[in-house]
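Examining the three-dimensional arrangement
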Amino acid sequence: MTRPINIAPDEFYHIYNRGIEKRKVFLLRSDYERFTALLYLANQTEPADLKYQGRSIAEITNDRSGEPLVEIIAYCLMPNHFHLLLREKIEGNIARFMQKLTTGYTMYFNKRNERNGALFQGTYKASHVHDDRYFRYVISYIHLNPVKLIDPIWKKNGIKDNVQAEKYLSQYVYSSYKDYLGETRSYGRLLEQGTMKEIFPNAGDFHECVTEWLTYPAK
């Protein structure tokens with residue numbers, strides 16, 4: 001299901017979008033760093049402090065000046081698209097957050113690449129995560145996305161090498177996979193830690209959930 005849908009407080013939503021005409025929206029490491037910094041800075045009721053934009057999440061030392069707009073439960077950045085799993089705190093906050101996030105990143109990307117116009121394919125897409133099984137599927141789907149970078153057709157033909165796939169995922173920086181496995185890093189600031197622990201009390205629970213989908217036989 002894609003937008004328009006009714007987004008309600010305290011519910012989970014899979015939010016995603018890709019580059020216009022399927023173009024790459026992350027070209028350099030600094031682009032990924034910029035977007036993750038914006039994930040943190042845009043997630044507040046007050047305007048983002050522009051002087052901090054463009055730095056990595058590790059370099060942002062100030063606290064946000066306002067309350068978070070959303071809970072970020074999971075994320076993954078891919079060369080031409082992104083996925084987020086969000087929970088809205090107050091009605092309208094997902095829309096506010098996404099407007100701040102994508103507008104800020106588009107302005108940065110266009111300036112750096114001397115281009116004009118839209119960067120993403122219209123308004124973000126959203127699907128309501130309506131039950132526990134779908135939740136486990138979505139959080140696995142988001143975190144398994146990077147496997148496509150080493151095996152583009154694994155979903156159709158099945159994974160060729162589970163060990164290689166898991167190793168690649170564990171080394172992929174720009175998703176919340178490492179955080180759910182218990183690694184302490186600056187990117188962990190993006191996530192709602194309390195909700196993470198409620199969903200997966202330990203790294204083993206998360207790993208079991210994701211690998212269940214990774215090893216699911218292709219049809």
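Residues numbered from 1 in each chain as written. Predicted model: local features only at pLDDT ≥ 70, side-chain atom pairs only at ≥ 80, totals over all residues. Heavy atoms only, no water.

1. Thoughts on the pairing of strand β2 (residues 70–78)
Burial analysis of β2 places nine of its nine residues in the buried class, which makes it a mostly covered element. Where β2 lies against strand β3 (residues 81–88), eight bridges are found, and the strand directions are antiparallel. Along β3, the bridge assignment pairs Met 78 with His 81. Adjacent in sequence and paired antiparallel, β2 and β3 are bridged by two residues. (Buried < 20%, exposed > 50% of the residue type's maximum accessible area, 1.4 Å probe, protein only. Helix = DSSP H or I, 4+ residues; strand = E, 2+ residues; numbered from the N terminus. Pairing = 2+ DSSP bridges.)

2. Considerations on the packing of helix α1 (residues 29–41) against helix α2 (residues 93–113)
Running from amino to carboxyl end, α1 crosses α2 at an angle of 155°, the nearest separation of the two axes being 10 Å. In terms of orientation, α1 lies roughly antiparallel with respect to α2. α1 and α2 meet at a crossing whose hand is right-handed. Contact residues: α1 offers Ser 30, Asp 31, Arg 34, Phe 35, Leu 38 and Leu 39, while α2 offers Phe 97, Leu 101, Gly 104, Tyr 105, Tyr 108, Phe 109 and Arg 112. Residues that form the contact of α1 with α2 fall into these classes: eight nonpolar, two polar and three charged. (Axes fitted to C-alpha atoms, helices over the stretch in contact; angles between N-to-C directions. Parallel < 35°, antiparallel > 145°, perpendicular 65-115°, else oblique. Left-handed = near helix turned anticlockwise from the far one by under 90°. Contact = heavy atoms within 4.5 Å. Nonpolar A, V, L, I, M, F, W, Y, C, P; charged D, E, K, R; others polar.)

3. Brief notes about the state of the cysteines
Enumeration over the complete set of coordinates arrives at zero disulfides. Here Cys 209 is not cross-linked by a disulfide; its sulfur's nearest cysteine counterpart is in Cys 76, at 15 Å. For Cys 209, a relative accessible area of 0% corresponds to the buried category. (Disulfide = S-S within 2.5 Å.)

4. Re α2
The end-to-end C-alpha distance of α2 is 30 Å, a good match for the 30 Å that 21 residues give at a rise of 1.5 Å each. Where α2 is buried, its residues contact β1 (12–18), α1, β2 and β3. Within two residues after α2, Glu 114 carries a phi angle of roughly 50°, on the positive side. (Expected span 1.5 Å × (residues − 1).)

5. Examining the pattern of salt bridges
Enumeration according to the criterion identifies five salt bridges in this entry. Across the pair Glu 71 and Arg 87 runs a salt bridge whose closest N-O atoms are separated by 3.1 Å. One end of the pair, Glu 71, is in strand β2; the other, Arg 87, is in strand β3, with 16 residues separating them in the sequence. Judged on exposure class, the residue Glu 71 and its partner Arg 87 are both buried. The partner of Arg 185 in a salt bridge is Asp 179, with the nearest N and O atoms 2.9 Å apart. Grouping residues by exposure puts Arg 185 and Asp 179 together as buried. (Salt bridge = Lys/Arg side-chain N within 4 Å of Asp/Glu carboxyl O.)

6. A look at the sheet that holds strand β4 (residues 125–129)
What the four strands build is an open sheet, ordered β2-β3-β1-β4; its pairing is antiparallel. Edge positions in the open sheet fall to β2 and β4, since each of these has one partner strand only. Between one strand axis and the next, the sheet turns by 20° as a mean value, whatever way the strands run. Pairing geometry for β1 and β4, over five bridges, is antiparallel. Its bridge partner being in β4, Tyr 16 is matched across the sheet by Lys 125.

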